[in-house]
Amino acid sequence: MGWFWGSSDDKNASTKKDAWGDLDPTLRDFLAKESPVKYDSSNPPAEPQPQPQVAPKTGSRSSAPRASTNQDSVPKIPEKTLYKDGRYADLWKTYKPLAEIEAEGKSDQERMMDVIEGYKYRREEIGRIALENCALEQIALSDCFKAGGWKARATMCRDDNRKFDRCYNMQAKFLKALGYLDTFNRPPEVDEQIQMQADTLYHRMLEQEEAIEQAKKDGLPPPAFPPLLAPRPKVAKDTSGNSDEPKKISEISDLRDKFKKPLEKRLEGLSGPERDVEEQNIKAEIAVGTQIADQMKAMEKKAVEERRIRKEQGRETLADKVASIFR
């Protein structure tokens, strides 16, 4: 059925033939005046011809740049992100832990205090860890006071008290000798390994003492055992005298007399494994003291360099001027 105004096919055909002729005369006059391009009805514009599609080359030269482009477009996953699939990588790439941000805003005095506080914290932790390793001896002492016999109560549980005191003191010495006092930041797994190693060495020492006592009762020569602790590596000393650095202190003999005498008194009356452990304990304390001194010197040197740079750049603060007076 046809329409009164003609079929759509005829209209499309006429539009394709000459669309300019189908316009209203007043509109044609307006377009002829205003349009900078004059339309010629006898020469309509040619229809654009579709360009043939070129098949992409599969050579190695074209695939290599494309592969490198794809690799560059893939965002790199930051190390500290919680999303290993690459989500929010643009946010995590600028992430800084709270401890790092707080450390950037600390003064030189606060950084030095952190080193000292870290050493104090380690000393307190040694007491707590020693109590954990001596939990059985502590329970035995508590049971003695609560339900011990009349003889134990009359002597204030002397035997159990001695066992607990010796366990606590020796565990603390083993912890120091194994390096628990070191102020370096380390994972908690290392602290647990040191704690277990100290407990193992203490009970091994008790077993060796029992074997020696049993040999004495049987009239046999005491058995020989290897040392409980491996000796600390000695620091190489510069004997040329050309080095400007101060001599490294690693032995008791390297200390001055006023520090040497109290340490030598701690070794008096000790023999066997206890003396070896005490010597290693003293060397560990000396090593930690040297380590803290080196950290303090490095911080002071860094602070002096930062003050010098600020002074050269004209950003010297009042604190820098005061510090330069007392240098």
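Structural data are supplied above this passage.
Just so we're clear, the structure is a prediction, and the values are computed from it rather than from any experiment.

Participant: Just to check I follow, could you spell out the overall build of the protein for this structure?
Facilitator: In terms of helices and strands, the protein carries 13 helices and zero strands. Beginning at the N terminus, the succession of helices and strands in the protein can be written as α-α-α-α-α-α-α-α-α-α-α-α-α. Looking at the 327 residues of the protein, the share that counts as buried comes to 20%. Looking at the protein alone, contacts between residues at least 24 apart form 55% of all its contacts between residues at least 6 apart.

Participant: What am I meant to see in the state of the cysteines here?
Facilitator: Joining two cysteines, a disulfide is a covalent bond between their sulfur atoms. For the structure on display, the rule yields two disulfides. Between the sulfur of Cys-134 and that of Cys-167 lies a disulfide, 2.0 Å long from S to S. What sets the handedness of the Cys-134 and Cys-167 disulfide is the S-S torsion sign, and at about -95° it is left-handed. Of the two residues, Cys-134 is situated in the loop between helix 6 (108–133) and helix 7 (135–147) and Cys-167 in helix 9 (residues 158–177); the sequence distance between them amounts to 33 residues.

Participant: Teacher, can you tell me more about the packing of helix 11 (residues 257–267) against helix 12 (residues 273–312) here?
Facilitator: Here helix 11 crosses helix 12 at 155°, and the two axes come no closer than 9 Å. Relative to helix 12, the element helix 11 is oriented roughly antiparallel. Between helix 11 and helix 12 lies a crossing of right-handed hand. Two secondary-structure elements touch here, helix 11 through Leu-263, Arg-266 and Leu-267 and helix 12 through Arg-275, Glu-278, Glu-279, Asn-281, Ile-282, Glu-285 and Ile-286.

Participant: Explain the packing of aromatic side chains to me, please; I cannot follow it from the model alone.
Facilitator: Each aromatic ring pair is characterised by the separation of its centres together with the angle its planes make. According to the stated counting rule, one finds zero aromatic pairs in the structure shown. Over the ring of Tyr-180 we find Arg-122; its NZ or CZ atom is 5.4 Å from the centre of that ring.

Participant: Where do I start with unusual backbone geometry in this structure?
Facilitator: Negative phi characterises most residues that are not glycine, and trans characterises most peptide bonds. At Met-156, a position not held by glycine, the phi torsion is positive, near 60°. Not every positive phi belongs to a glycine, and Cys-157 is a case in point at roughly 55°. The residue Cys-157 is located in the loop between helix 8 (150–154) and helix 9 in this model.

Participant: How should the environment of Ile-282 be read in this particular structure?
Facilitator: By the element assignment, Ile-282 lies in helix 12. Between the C-alpha atom of Ile-282 and that of Leu-267, which follows or precedes it by 15 residues, the distance is 9.6 Å.

Participant: For this particular structure, what's the right way to read the nonpolar core?
Facilitator: Where a protein is soluble and globular, its nonpolar side chains tend to be buried together. Core analysis: the largest hydrophobic core is formed by 27 residues, its most contacted members being Phe-174 and Leu-175. Taken together, the elements giving at least two residues each to this core come down to helix 6, helix 7, helix 9, helix 10 (188–217) and helix 12. It is helix 9 that contributes the most residues to this core, seven residues altogether. Excluding anything up to four places from it in sequence, Phe-174 contacts Ala-198, Leu-201, Tyr-202, Met-205, Leu-228, Leu-229 and Val-277. Leu-255, Leu-263, Leu-267 and Ile-286 belong to the second-largest nonpolar core, a separate cluster that totals five residues.

Conventions we followed
Residues numbered from 1 in each chain as written. Predicted model: local features only at pLDDT ≥ 70, side-chain atom pairs only at ≥ 80, totals over all residues. Heavy atoms only, no water. Helix = DSSP H or I, 4+ residues; strand = E, 2+ residues; numbered from the N terminus. Buried < 20%, exposed > 50% of the residue type's maximum accessible area, 1.4 Å probe, protein only. Contact = heavy atoms within 4.5 Å. Disulfide = S-S within 2.5 Å. Axes fitted to C-alpha atoms, helices over the stretch in contact; angles between N-to-C directions. Parallel < 35°, antiparallel > 145°, perpendicular 65-115°, else oblique. Left-handed = near helix turned anticlockwise from the far one by under 90°. Phe/Tyr/Trp six-rings, centres within 6.5 Å; stacked < 30°, edge-to-face > 60°. Lys NZ or Arg CZ within 6 Å of the ring centre and 35° of its normal. Core = buried A, V, L, I, M, F, W, Y, C linked by side-chain atoms within 4.5 Å.

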